[in-house]
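Okay, here's what each chain looks like letter by letter:
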Amino acid sequence: MTSGNTVINLSVFAVFVLITLYVVYRAGSRNATASDYYAAGSSFTGPQNGVALSGDFLSAASFLGISGSIAVNGYDGFLYSIGWVVSWLLGLMIISERLRNTGRFTLGDVLAFRMKQRPVRAAAANVTLVISLFYMIAQMAGAGALMALLLDVHTKGGQAIVIAVVGVVMVLYVLLGGMKGTTWVQIIKAVLLVLCVTLLTVFLLGKFGFSLSSLLETASENSTLGPEVLQPGVRYGGSPTNSLDFLSLALALVLGTACLPHVLMRFYTVPNAREARRSVVWATWMIAVFYLCTLVIGFGSLALVGSKAISEAPGGENSAAPLLAFRVGGAVLLGIVCAVAFATILAVVAGLTLTASASFAHDVYANVIKRGKADPKEELKVARLTAVAVGVLAIGGGIAVNGQNVAFLVALAFALAASANLSTILYSLFWKRFNTNGTLWAIYGGLGSCILLIVFSPAMSGTRSSIFPDVDFAWFPLGNPGIVSIPLSFLCGYLGTVFSKEQADPEKQAEMEVRAMTGIGSGLR
Amino acid sequence: MTKAILPPTDSRPARSGGRGFATFDDPGVPLLTDAAGNPDFVAIRDSEDFQELRRRWTIFVLPVTCGFLAWYLGYVALSAYAPTFMSTEVYGVLNIGLIFGLLQFVTTITLTLSYARYARRRLDPQVAAVRALTSEDRT
């Protein structure tokens, strides 16, 4: 790619940043209360929030990563994306409405509803902060890698500047706009992203006479793998360990999505449970269309660009979609696709920053440190300060891991969400006896086992693609801990409850049960 | 922004006043609230209307959740452990695995829409019935 493209890429991207900053500024200028900052005053409609949900969820890893993975691994890349679509059923039927009815701003509100406030809120905040930071660092490192590819920035210093710019813009979104501004960024970005992939897809299908089969056939002819690219087993086949690893990943994807903290927090931006339900329906449509398109784009780039050119390009498989765009639409389309990819990273990290700051200010500061008696103005100030601190941490972390293979951090975030959040949400909603002790055991059991297993997994050491390739302390054979840590967290929650003498408060339990199903007592209607 | 308004329901009407005093024009059941008008959650939980709501929710969500999880994990397991079967070509180069994968999209959308419909028709009216037991929706 030439430097002429760099100018186009940069200007398209700059236009996006300026427009969104203006929108954020306009939307957020009346930000006054905690409810505005955390939940946009719960004033969004279901469809608006649904589009924003898909915007929050579809990261650069899904756009560039999945289409690239399909181009290189074929079938196995496609399998990855299915989990992310199916998982929304869990969010729709079990989580969204109950969460909206029970909580106000954070996951801590729900988990601590009938438990001892301080320890449970602290634990919920810990999980949220850990997941947000891991996910954010992976996105930031991705921004650096993307720059290398798209703007011909190859020096470490140049990439560090790019990461810092992304970090500063994301903090600006959050500080200026709060939840309302950030939501509008998500909406703009989601519409751009889905529009962009849909048009590319229609174009590609048209090129092959609207026959998926003939597109796939050309794709397999242009792949070094041949027809095998359409069959399972390229990436995760071979050994029983690989197969088990894939099952483990699939489990984390399908159970973790609806428990990601920035996804959960979106359910508070709508006025009631019915709107929360509608937003998931909208998000599911957007996401299903998006991943169907990435299937076509992935195989389309294989058909038109070829697997050899993709793996040899700077950025490897992540460059499949940009290369395809350049091939079919020249420098301008490439510029647009790149700008959309950047917008994606920016919007996702902004959502994460907001979630992390809300969790710290609302759970840790207001309820743990100030024991629920914090001045709302002070709480907001803390939230804004946290956003800045999180931004600095993410920039620092992103620069530190830039160039490392940190894709596993994304999968880890899903495993963490499924292990620490799912068990506690389900137990506290549906198990009468569940108590504070059980909550803490489930959260820390899931979180701890997940992190421990990943430290001793091949992702950290022992293989060529590990972070520490030269040492080998990997005794856990799987790269994805979910298949162990998710059941373990359910077990911990059970044992922690059974082994403690503490009795669950039956009145609080009845209140939570009724409120979760009907919204009575929440002030929502 | 719009605030959704509860759909009309043919079940028990909400009445004004703290605890519902039965009058001759208004022979409904008493409100499940305490003297201050706050909902009595234990009584609501044990009420027939709430039990019915919970039953309706469970008979839809439990089988559907088990079903879609089994279908998805089964699909992943087949891909991981029976690659030869999944590679069987059915239509052109489209093989069983790809078709099952596309079917996952179809089932997800279908289940999403059926839950939304079920909730609108069977759950929302029942939620309104339970809420009518309290002074919740009175302005």
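Residues numbered from 1 in each chain as written. Chains lettered and ligands numbered in written order. Predicted model: local features only at pLDDT ≥ 70, side-chain atom pairs only at ≥ 80, totals over all residues.

(A) Local environment of the overall build of chain B. Along its length, chain B carries four helices and two strands. Along chain B, helices (α) and strands (β) appear in the sequence α-α-α-β-β-α when read from the amino end. For chain B, the proportion of its 139 residues judged to be buried stands at 29%. Across chain B, every contact between residues at least 6 apart in sequence was considered, and the portion connecting residues at least 24 apart equals 58%. (Helix = DSSP H or I, 4+ residues; strand = E, 2+ residues; numbered from the N terminus. Buried ≥ 20, exposed ≤ 12 C-beta atoms within 10 Å, placed from the backbone. Contact = placed C-beta atoms within 7 Å.)

(B) Quick peek at the overall build of chain A. For chain A, the count of helices and strands is 20 helices and zero strands. Relative to a compact globule of 525 residues, whose C-alpha radius of gyration would be 24 Å, chain A shows 22 Å and is just as compact. A buried classification covers 65% of the 525 residues belonging to chain A. Long-range pairs, those at least 24 residues apart, make up 81% of the contacts in chain A with a sequence separation of at least 6. (Rg over C-alpha atoms; globule rule 2.2 N^0.38 Å.)

(C) Geometry of helix α2 (residues 48-81) of chain B. Over its 34 residues, α2(B) runs 48 Å from end to end, which matches the ideal 50 Å to within 8%, given 1.5 Å per residue. For α2(B), the set of buried residues is Asp49(B), Phe50(B), Leu53(B), Trp57(B), Phe68(B), Tyr72(B), Tyr75(B), Val76(B), Ser79(B) and Ala80(B). (Expected span 1.5 Å × (residues − 1).)

(D) Expanded view of the environment of Ile345(A). Residues and elements named next belong to chain A. Its place among the elements puts isoleucine 345 in helix α15 (residues 320-369). Residue classification places isoleucine 345 among the buried residues on the basis of 23 C-beta atoms within 10 Å. Separated by 38 residues in sequence, isoleucine 345 and alanine 383 have C-alpha atoms that sit 22 Å apart. Residues within four places of isoleucine 345 in sequence aside, it is in contact with Ala60, Gln139, Gly142, Ala143 and Val166.

(E) Geometry of the interface of chain B and chain A. Across the boundary between the two partners, chain B contributes 52 residues, which contact 47 residues of chain A. Breaking the side of chain B that touches chain A down by element, the ones donating at least two residues are α1 (41-46), α2, α3 (83-86), β2 (94-95) and α4 (96-131) of chain B. At 16 residues, α4(B) tops the list of elements feeding residues into the side of chain B that touches chain A. Across the side of chain B that touches chain A, the residue classes tally to 33 nonpolar, twelve polar and seven charged. (Nonpolar A, V, L, I, M, F, W, Y, C, P; charged D, E, K, R; others polar.)

(F) Representation of the nonpolar core. Residue and element names in this part refer to chain A. By size, the foremost hydrophobic cluster in this structure holds 231 residues, and its most contacted members are Ile287, Val349 and Ala413. A total of 31 residues in this core trace back to one element, the largest contributor, which is α15. In contact with valine 349, not counting residues within four places along its chain, are Met136, Gln139, Met140, Val166, Met170 and Ala394. (Core = buried A, V, L, I, M, F, W, Y, C linked by C-beta atoms within 7 Å.)

(G) Quick peek at the confidence of the model for chain B. Of all residues in chain B, 77% attain a pLDDT of 70 or more, and the chain-wide mean is 81. Every residue in residues 6-27 of chain B scores below 50 in pLDDT, and together they form 40 contacts with partners more than four places removed in sequence or on other chains. (pLDDT = per-residue confidence, 0-100.)

(H) How the structure looks around the packing of helix α4 (residues 60-73) of chain A against helix α5 (residues 75-86) of chain A. Residues and elements named next belong to chain A. In the contact formed by α4 and α5, the axes pass within 6 Å of each other and the chain directions differ by 145°. On α5, the residues touching Ser62, Ile66, Ser69, Ile70, Val72 and Asn73 of α4 are Asp76, Gly77, Phe78, Tyr80, Ser81 and Trp84. The class makeup of the residues in the contact of α4 with α5 is six nonpolar, five polar and one charged. (Axes fitted to C-alpha atoms, helices over the stretch in contact; angles between N-to-C directions.)

(I) Representation of the packing of α4(A) against helix α13 (residues 273-304) of chain A in the model. Residue and element names in this part refer to chain A. Contact pair α4 / α13: the axes reach a minimum separation of 8 Å and the direction vectors enclose 45°. As far as their axial angle goes, α13 and α4 are oblique. For the crossing formed where α4 meets α13, the hand is right-handed. Each of Ile66, Ser67, Ile70 and Ala71 in α4 lies in contact with α13, whose residues at this interface are Thr294, Leu295, Ile297, Gly298, Phe299, Ser301 and Leu302. Tallied by class, the residues present in the contact of α4 with α13 amount to seven nonpolar, four polar and no charged. (Parallel < 35°, antiparallel > 145°, perpendicular 65-115°, else oblique. Left-handed = near helix turned anticlockwise from the far one by under 90°.)

(J) Local environment of unusual backbone geometry. Residue and element names in this part refer to chain A. One non-glycine residue with positive phi stands out, namely phenylalanine 210, at about 55°. Taking the number of C-beta atoms within 10 Å as the measure of exposure, phenylalanine 210 has 11 and is therefore exposed. In this structure, arginine 371 takes a positive phi of about 50° despite not being glycine. Looking at the secondary structure, you find arginine 371 in the loop between α15 and α16 (376-401).

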